[in-house]
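# Topology and contacts: notes
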Amino acid sequence: PFLSHLSVDGDLTSFSPSLMLQEEIYSKAAGRHPAVHLFHGQADTSVPLEMSTSFARALRKANVPVEVFLQKGATHSEPVV
């Protein structure tokens, strides 16, 4: 399971914003959200790039404008400015 050490039951799937957006109540609310910019470090070994791209797809499906920025050489903990 993804980041199992951070969850009591050993899996953070239930906290996935991508999965939450599949529920009508969240997707309707998300449609009123301002544009989202997602930043992902290409050297990130903590969170797979697919997590950011799947979240971007879910946001677009909920009619939220979104753009994904890949930061060359950046890891998960590097600041984005």
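Scroll up a little and you will see the structure.
Computed from a predicted structure; not experimentally measured. (Residues numbered from 1 in each chain as written. Predicted model: local features only at pLDDT ≥ 70, side-chain atom pairs only at ≥ 80, totals over all residues. Heavy atoms only, no water.)

## A few points about the overall build of the protein
Applicable threshold: Think of it this way: any DSSP run of H or I at least four residues long counts as a helix, any run of E at least two long counts as a strand, and we number them from the N terminus. Exposure is judged per residue with a 1.4 Å probe applied to protein chains only, and the accessible area is read against the type maximum: over 50% gives exposed, under 20% gives buried, and values in between give partly exposed. Calculation of accessible area relied on Shrake-Rupley with a 1.4 Å probe; when residues are assessed, cover is drawn exclusively from the protein chains displayed.
Check the secondary structure of the protein and you find three helices and two strands. Ordered by position from N to C terminus, the α and β elements of the protein give α-α-β-α-β. With 81 residues in all, the protein has 27% of them scored as buried. Total accessible area on the protein is roughly 5,900 Å²; 59% of this is exposed by carbon and sulfur atoms.

## Describing the nonpolar core
Here is the rule we go by: What is meant by a nonpolar core is a set of buried Ala, Val, Leu, Ile, Met, Phe, Trp, Tyr and Cys residues, joined one to another through side-chain atoms within 4.5 Å. Contacts are assigned to residue pairs that have any heavy atoms within 4.5 Å of one another.
L21, A30, V36, L38, A56, A58, L59, A62, V64 and V66 form the largest nonpolar core, which has ten residues in total. Those elements that place two or more of their residues in this core are strand 1 (36-41) and helix 3 (49-61). Ranked by the residues each element gives to this core, the list is headed by helix 3, at three residues. Dropping the residues within four chain positions of it, L59 is found in contact with L21, V36, V64 and V66.

## Structural notes on the packing of aromatic side chains
Let me state the cut-off plainly: Note on aromatic contacts: the rings of Phe and Tyr and the six-membered ring of Trp form a pair at centre separations within 6.5 Å, being stacked when their planes are under 30 degrees apart, edge-to-face when over 60 apart, and tilted otherwise.
Counted by the stated rule, this structure contains one aromatic pair. Each ring, one from F39 and one from F69, has its centre 5.0 Å from the other, and the planes form 15 degrees; the classification is stacked. Separated by 30 residues along the polypeptide, F39 in strand 1 and F69 in strand 2 (residues 66-71) bring together distant segments of the chain.

## Description of helix 3
We count it as follows: Here the expected length of a helix is defined as 1.5 Å per residue gap, with one fewer gap than residues.
In this model helix 3 runs 19 Å from its N-terminal to its C-terminal C-alpha over 13 residues, within 8% of the 18 Å that 1.5 Å per residue would give. Phi for N63, located one or two positions after helix 3, is positive at around 65 degrees.

## Examining the pairing of strand 2
Cut-off, in case you're wondering: When DSSP finds two or more bridges between two strands, those strands count as paired. When the strands point away from the viewer, a crossover counts as right-handed if the path from the first strand over the helix to the second runs clockwise.
Pairing analysis gives six bridges linking strand 1 to strand 2, with the strands arranged parallel. Its bridge partner being in strand 2, V36 is matched across the sheet by V66. Between the parallel pair strand 1 and strand 2, the chain is carried across by helix 3, and the sense of this crossover is right-handed.

## Topic: the pattern of salt bridges
Operational definition: Think of a salt bridge as a Lys or Arg side-chain nitrogen and an Asp or Glu carboxyl oxygen that are within 4 Å of each other.
Under the counting rule described, the total for this entry stands at two salt bridges. Between E24 and K28 there is a salt bridge whose closest N-O contact spans 3.1 Å. In this pair, E24 and K28 are both assigned in helix 2 (residues 24-30), four residues apart and thus about one turn of the helix distant. Neither residue differs from the other here; E24 and K28 are each classed as exposed. Across the pair E50 and R57 runs a salt bridge whose closest N-O atoms are separated by 2.7 Å. Residue E50 is classed as partly exposed on the basis of its relative accessible area of 44%. For R57, a relative accessible area of 47% corresponds to the partly exposed category.

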